[in-house]
Amino acid sequence: MLGLMQSQQLLISTLIDFAERHHGEGEVVSRRVEGDIHRTNYREVAARSRKVANALDGLNLAFSDRVATLAWNGYRHLELYFGVSGSGRVLHTLNPRLHPDQIVWIANHAEDQVLCFDMSFLPIVQAVHSRCTTIKHFIALCDADKLPADTGIPGLQSYEAWIAPQPATYTWPEFDENSASSMCYTSGTTGNPKAALYSHRSTLLHAMSGALPDALNMSARDAVLPVVPMFHVNAWGLPYSAAMTGAKLVFPGPAMDGKSIFELIESEKVSFAAGVPTVWQMMLGHMQACNLRFSTLKRTVIGGSACPPAMITAFNDVYGVEVLHAWGMTEMSPLGTVCTLKNKHLSMEPGDKMKVRLKQGRGIYGVDMKIVDGEGAELPWDGKAYGDLLVKGPWVISEYFKGEGGSPLVDGWFPTGDVATIDADGFMQITDRSKDVIKSGGEWISSIDVENIAMAHPSVAMAACIGMKHPKWDERPVIAVVKKPGCEVTRDELIHFYEGKTAKWQVPDDVIFVESIPLGGTGKMQKTKLRDLLKDYKLPNT
Ligand code: ADP
């Protein structure tokens, strides 16, 4: 017997319809490439998304054709999120931080038909357009009068001129909720990048679960600042969750420096912000230097790489902002876990509470997890046993676009490439990426633990731990350190700093001071590059 409820498809167009009808005045504020602050609301975003849909129809794009973006977080990008997917096309967010050759490879692989780009990326588009063999239409996300006369890009038109003549009425098509809605390529540290292809259904379920109180706790009373880019994994689904809840959206545009982000948080009364640790590092540095305080920020979700304890302490104890440590991947849309405490944790001593907060958190509804040993046998949830982390759920990848790399699943589970523990309360803690784990004398050392201790030193801005070949122990940890501007610390002082904080054999054998640590397109430390840079390094006494 089937249920007797209406079977409305879960489509992205329903989000913007809802936001328009129930939160039409809900604000969308963007710092623009032009440098000014632009203000609009869900009603206008909805109307302009429908203009985008009409404009795309005018280009004779077929259902599921790919429309690429090369854009910062902003209202025009948001309109494309809804206009492209809502009209049945697939939004392909390109990462402008990638090498131009990679952008060409990815655009051709995705068979993009249209490219909409922010003017800050004009030089990239000028360099790559002739090699992007499938792109027929180039749209610059600006006013007509901001378009230079001779860009060399054939048929280039401005977004505003493109949508201006279009009607603001449009009937969103109804189609199977399993249809593709957007795609994102993983950074592909090895081999060619591979794309996760999200569906309308996966996107809506992810947005709904992500907004729950024990996940990101989003509501119409929030002003949300996604510093996480809309060009990588849909800014963790925040634009969709915001439309679903009516939260105010605040977009930073290209200005990601500490000062600009802090000013935006204050001027727009942001209550909730999302970013990777490197972004917050810059902002906290600025606040410290200028002795600043937040007046409205209540919580911040930090993920993408491990959040150092010093950052949790700074937000929590110094600035009174709750940190939600979160974990996920491109292949998971991306949210998998969020570290929100349970009742039993609230009365804990601060030190014990901190130990819980450092974990990547518990699975949000929809994501199932398990850890397995080398033979694939499931390990206990005791907070001690660690093994390969596998996940499954309706917003976890089943295969990559065009079947690249074959089936990624093992018995229906997706292997994340992370190594983790899970405790009896279901809190997962990443000890490492499997390829970064340091194997020393038959034991594993978590590079994240070693980094976290260094990051707690007041003179350390950034630290990356890697394993170096050792004749006796197989590998030994060394730590590459970037000092904070104007701060000093010696190798011996830093080694001494580890005393009493970890087992002796987990203390790094050496400290290498570096100017900077290579960061990838999504702000993560690129340990492969660091290993290349240090390939001639030799451990002391070997
Ligand atoms: P890419 O590295 O290709 O950009 P993702 O952005 O999807 O891929 O990154 C996913 C990986 O990032 C995870 O598998 C994990 O190793 C790491 N990661 C994400 N969040 C965290 C976190 N909170 N703590 C530690 N590692 C994290």
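Cut-offs used in this document
Residues numbered from 1 in each chain as written. Predicted model: local features only at pLDDT ≥ 70, side-chain atom pairs only at ≥ 80, totals over all residues. Heavy atoms only, no water. Pairing = 2+ DSSP bridges. Helix = DSSP H or I, 4+ residues; strand = E, 2+ residues; numbered from the N terminus. Contact = heavy atoms within 4.5 Å. Axes fitted to C-alpha atoms, helices over the stretch in contact; angles between N-to-C directions. Right-handed = clockwise from strand over helix to strand, strands pointing away. Domains from an automatic or database assignment. Buried < 20%, exposed > 50% of the residue type's maximum accessible area, 1.4 Å probe, protein only. Arc of directions from axis to C-beta. Phe/Tyr/Trp six-rings, centres within 6.5 Å; stacked < 30°, edge-to-face > 60°. Lys NZ or Arg CZ within 6 Å of the ring centre and 35° of its normal. Salt bridge = Lys/Arg side-chain N within 4 Å of Asp/Glu carboxyl O. 1 Å grid on protein atoms, 1.4 Å probe; cavity = no way out; pocket = protein on both sides within 12 Å on 5 of 7 lines; lining within 4 Å. Points joined across faces, edges and corners; volume = space filled by probe spheres on them. Nonpolar A, V, L, I, M, F, W, Y, C, P; charged D, E, K, R; others polar.

## Focus: the sheet that holds strand 5 (residues 112-117)
The strands that make up a sheet pair up through hydrogen bonds in the backbone, lying either parallel or antiparallel.
Right, so step 1: Judged by pairing direction, the sheet is mixed, and its 7 strands sit side by side in the order 7-6-5-3-4-8-9 without closing on themselves. Pairing within the sheet leaves two strands with one partner each, and these edge strands are strand 7 (157-158) and strand 9 (195-199).
Right, so step 2: Bridge count for strand 3 (residues 66-70) against strand 4 (residues 90-93) is 4 bridges, and the pairing is parallel. Within strand 4, the residue paired with Val-67 across the bridge is Leu-91.
Right, so step 3: Sheet strands in contact with helix 3 (residues 75-86) are strand 3, strand 4, strand 5 and strand 8 (180-185), and its direction is about 145° off that of strand 4.

## What about the pairing of strand 25 (residues 510-513)?
Right, so step 1: Direction of pairing for strand 24 (residues 474-483) relative to strand 25: parallel, over a ladder of 4 bridges. Across the sheet, residue Ala-480 finds its bridge partner in strand 25, namely Ile-512.
Right, so step 2: Tracing the backbone out of strand 24, into helix 16 (residues 491-497) and back to the parallel element strand 25 gives a crossover that is right-handed.

## Considerations on the domain arrangement of the protein chain
Often, the extent of an interface is quoted as the loss of accessible area on bringing the components together.
Right, so step 1: Assigned domains of the protein chain: these are domain 1 (12-28 + 39-211), domain 2 (350-433) and domain 3 (438-533).
Right, so step 2: Distance from the C-alpha centre of domain 1 to the C-alpha centre of domain 3: 40 Å.

## Notes on helix 14 (residues 350-357)
Right, so step 1: By the burial criterion, the buried members of helix 14 are Met-354, Val-356 and Arg-357. Each buried residue of helix 14 lies within a common arc of 160° when the element is viewed along its axis, so the set occupies one face.
Right, so step 2: Residues of helix 14 that are buried in the fold lie against helix 12 (309-318), strand 14 (322-328), helix 13 (343-346) and strand 20 (427-433).

## A look at the packing of aromatic side chains
Right, so step 1: Under the counting rule described, the total for this entry stands at 12 aromatic pairs.
Right, so step 2: Residues Phe-294 and Tyr-319 carry aromatic rings whose centres are separated by 5.7 Å and whose planes lie at 70° to one another, so their mutual orientation is edge-to-face. Note that Phe-294 is positioned in the loop between helix 11 (277-290) and strand 13 (299-302) and Tyr-319 in the loop between helix 12 and strand 14, a separation of 25 residues in sequence.
Right, so step 3: Assessed through its relative accessible area of 11%, Phe-294 is described here as buried.
Right, so step 4: Three or more aromatic residues joined by ring pairs form one cluster here, namely Phe-262, Trp-280, Phe-294, Phe-315 and Tyr-319.
Right, so step 5: The side chain of Lys-194 reaches across the aromatic face of Tyr-400, ending 5.0 Å from its centre.
Right, so step 6: Positioned above the aromatic ring of Phe-513, the side-chain terminus of Lys-483 is 4.5 Å from the ring centre.

## Some words on the pattern of salt bridges
Right, so step 1: Using the criterion set out here, one finds 30 salt bridges in the structure.
Right, so step 2: A salt bridge links Arg-89 to Asp-57; its shortest N-O distance comes to 2.7 Å. Here Arg-89, found in the loop between helix 3 and strand 4, pairs with Asp-57, found in helix 2 (residues 42-58); they are 32 residues apart in sequence, far enough to count as distant.
Right, so step 3: A relative accessible area of 31% places Asp-57 in the partly exposed class.
Right, so step 4: Residue Lys-527 is joined to Glu-451 by a salt bridge in which the shortest nitrogen-to-oxygen separation is 2.7 Å. With a gap of 76 residues between them, Lys-527 in helix 17 (residues 527-533) and Glu-451 in helix 15 (residues 447-455) connect regions that are remote in the sequence.
Right, so step 5: Here the salt bridges share partners, and the residues they tie into one network are Arg-32, Glu-34, Asp-36, Arg-48, Arg-76, Glu-79 and Glu-160.

## Let's talk about the layout of surface pockets
Right, so step 1: Estimated volume of the second largest pocket: approximately 750 Å³.
Right, so step 2: Split into classes, the residues belonging to the lining of the second largest pocket amount to 15 nonpolar, 10 polar and 6 charged.
Right, so step 3: Each of domain 2 (350-433) and domain 3 (438-533) accounts for three or more of the residues forming the lining of the second largest pocket.

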